[in-house]
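# Structure at a glance
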Amino acid sequence: MKLCLKNAASFVDAAVLKQLESKTVAANMLLENGQGAGNDYIGWVHLPSSITDEFLAEVQASADELRRRCEVVIVAGIGGSYLGARAVNEALCSAFDAFVAKDRKNPYVVYAGNNIGEDYLAELMEFLADKQFGIINISKSGTTTETALAFRLLKTMLEKQVGKEEAKHRIVAVTDRAKGALRSLATKEGYKTFVIPDNVGGRFSVLTPVGLLPIAVAGGDIKALVKGAQDMEKATDIKVPYAENPACQYAAMRNALYQGGKKIEILVNFNPKLHYFSEWWKQLYGESEGKDHKAIFPAAVDFTTDLHSMGQWIQDGERTIFETVISIEKANKTVLVPMDEENLDGLNFLAGKRVDEVNKMAELGTQLAHVDGGVPNIHISFEKIDEYNIGQFIYFFERGCGISGYVLDVNPFNQPGVEAYKKNMFALLNKPGYEAESKAIQERLNKKD
């Protein structure tokens, strides 16, 4: 991994950046020593180095069992309980994986429990009607509305199709160690279970069974993924000085830009396989830092696609933004632009070039244009899209997030604001125990202006 800050440094006050240098080092120390806010949720900090080969073998064995029995595996989860796994799987699998019918090596992995769309669930169940399927249900409590609703529907359907005895071999619960509705159900029904560590929050959980099991089911090399994360853990450790520590440098620069009035960070990728990494990143930073009416707003775009929709705003709109560009140095496949005698499209000047070279020049041209237009640019490059580099990617952004949150003086590991909509939803649905809230909401809705 390489981090380049030269196209952002000219937009910040050098004295401010120098001050933030010491703050990020101190924040990294808080993470390392477990002395900061929310320190009961920092189990992810040394998670990669604590993962054993025996544990990975257990995860792989469970994945292989699902792979043997199922042609489709549904990952039921929301937020951090599915975004990390989906990001990795979308990056590693063929863009047209869903259309491959013959000689499949891996099950289709699809996702549910991340919305309350009736049409989505109905269409999923129609798709599964003639499929051999299994379920990975991911929830600490087992009562998260979106996930619990989807699991109830899918579990009922699966048991009708194959019977309870076979169904229990096709359902894996990733949940709390000792408590909660899903833990109780898994114990009662005899499901294979994996534990979500108590000290790892959902958005930091991709390197736990929350992410590792679905990734292994889809055919990903979880050993290589973990190895990448382990190497990045070492590269961002407190023993690594600021000048060589990419997580500290990234956290310092983004906070310096924020202090200088740049309120929106746009994560940019030039590879469509990274779209869901942007979704994972948005949750990681938005839920970790968005507190006390402050923090950078995390946005994301897919280039060059979004250059034809958002490019104008980024180039000439309000100068409250900066970009963090994820660049992949080497494409995994090779496609050459052919020569055309008629040349009606005018593209013969590209004949013989790789498509990736065209993409790289689009990336560089965009960077130059945006910097000239007043948009600071942080550039992060990875060698290629594979499990090892993705493992680095995940841990780099996790470590940078923890450091940045402490620099911002918030607790990066709670999410009190997430509960507000749930209380209103439960009251509106007349859930037992929410009678007072239901009455108050009805009075509010009936009140005339």
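The following refers to the structure shown.

On to the state of the cysteines, then. Applying the stated criterion to the full structure yields 0 disulfides. The thiol of Cys93 is unpaired, and the distance to the nearest cysteine sulfur, on Cys70, comes to 16 Å. By relative accessible area, Cys93 is classed as buried at 19%. With no disulfide of its own, Cys248 has Cys401 as its nearest cysteine by sulfur position, at a separation of 14 Å.

Turning our eyes to something else, we now look at the nonpolar core. If you look at the biggest cluster of nonpolar residues, it comprises 91 residues, and the most contacted ones within it are Phe277, Trp280, Ile378 and Phe397. A per-element tally of this core places helix α16 (residues 387-407) first, with 10 residues. Counting 21 residues, the second-largest nonpolar core is a separate cluster that includes Val72, Ile74, Ala112 and Leu158.

Here the focus is the sheet that holds strand β1 (residues 2-4). Taken in spatial order, the 5 strands line up as β1-β10-β9-β7-β8 in an open sheet, and their pairing is mixed. The sheet terminates laterally at β1 and β8 (297-302), the two strands that pair on one side only. Each strand of the sheet is rotated relative to its neighbour by a mean of 20°, with strand direction disregarded. In this structure, strand β9 (residues 321-328) lies alongside strand β10 (residues 377-382), joined through 6 bridges in parallel fashion. Each bridged residue has a counterpart across the sheet, and for Ile328 the counterpart in β10 is Phe382. In this fold helix α13 (residues 275-289) packs onto β7 (264-269) and β8, with an angle of close to 175° to the strand it touches most, β8. Of the strands in this sheet, β7, β9 and β10 are in contact with α16, which crosses β10 at around 145°.

Looking now at the pairing of β8. Summarising the sheet, β7 and β8 pair through 6 bridges and their orientation is parallel. Counted as the bridge partner of Asn269 is Asp302 from β8. Between the parallel pair β7 and β8, the chain is carried across by α13, and the sense of this crossover is right-handed.

Applying the stated criterion to the full structure yields 20 aromatic pairs. For the ring pair Trp44 and Tyr395, a centre distance of 6.2 Å and an interplane angle of 55° mean the geometry is tilted. Taken together, the residues Trp44 in the loop between α2 (14-33) and α3 (47-50) and Tyr395 in helix α16 connect sequence positions 351 residues apart. Taking relative accessible area as the criterion, Trp44 reaches 1% and is therefore assigned buried. We classify Tyr395 as buried; its relative accessible area is 0%. Summarising the aromatic geometry, the rings of Phe277 and Trp280 are spaced 6.2 Å apart at their centres and angled 90° between planes, so their arrangement reads as edge-to-face. Placement of both Phe277 and Trp280 in helix α13 is noted, with a separation of 3 residues, approximately one turn of the helix. Phe277 gets classed as buried once you look at its relative accessible area, which sits at 2%.

At a closest axis distance of 8 Å, the pairing of helix α17 (residues 419-428) and helix α18 (residues 435-446) adopts a crossing angle of 85°. In terms of orientation, α17 and α18 fall into the roughly perpendicular class. Mapping the contact onto sequence places Asn424, Ala427 and Leu428 in α17 and Glu437, Ser438, Ile441, Gln442 and Leu445 in α18. Of the residues belonging to the contact of α17 with α18, the class tally is 4 nonpolar, 3 polar and 1 charged.

As a further point, take helix α5 (residues 83-92). Burial analysis of α5 places 8 of its 10 residues in the buried class, which makes it a mostly covered element. Restricting attention to buried positions, one finds in α5 the residues Leu83, Gly84, Ala85, Arg86, Ala87, Val88, Asn89 and Ala91. Turning to α5, the residues buried within the fold contact β3 (108-112), α10 (209-217), α11 (222-235), α13 and α16.

With that settled, the discussion passes to a nonpolar patch on the surface. Nonpolar side chains collect at one region of the surface, where Ile116, Leu149 and Leu153 lie side by side and expose about 230 Å² of accessible area between them. For Leu153, the location among the structural elements is in helix α7 (residues 145-162). A relative accessible area of 31% places Leu153 in the partly exposed class.

Definitions and limits used
- Residues numbered from 1 in each chain as written.
- Predicted model: local features only at pLDDT ≥ 70, side-chain atom pairs only at ≥ 80, totals over all residues.
- Heavy atoms only, no water.
- Disulfide = S-S within 2.5 Å.
- Buried < 20%, exposed > 50% of the residue type's maximum accessible area, 1.4 Å probe, protein only.
- Core = buried A, V, L, I, M, F, W, Y, C linked by side-chain atoms within 4.5 Å.
- Helix = DSSP H or I, 4+ residues; strand = E, 2+ residues; numbered from the N terminus.
- Pairing = 2+ DSSP bridges.
- Axes fitted to C-alpha atoms, helices over the stretch in contact; angles between N-to-C directions.
- Contact = heavy atoms within 4.5 Å.
- Right-handed = clockwise from strand over helix to strand, strands pointing away.
- Phe/Tyr/Trp six-rings, centres within 6.5 Å; stacked < 30°, edge-to-face > 60°.
- Parallel < 35°, antiparallel > 145°, perpendicular 65-115°, else oblique.
- Nonpolar A, V, L, I, M, F, W, Y, C, P; charged D, E, K, R; others polar.
- Patch = residues over 30% accessible without salt bridge, like charges linked within 9 Å, V, L, I, M, F, W, Y side chains within 5 Å.
- Areas by Shrake-Rupley, 256 points an atom, 1.4 Å probe, with all protein chains shown as cover.
- Salt bridge = Lys/Arg side-chain N within 4 Å of Asp/Glu carboxyl O.

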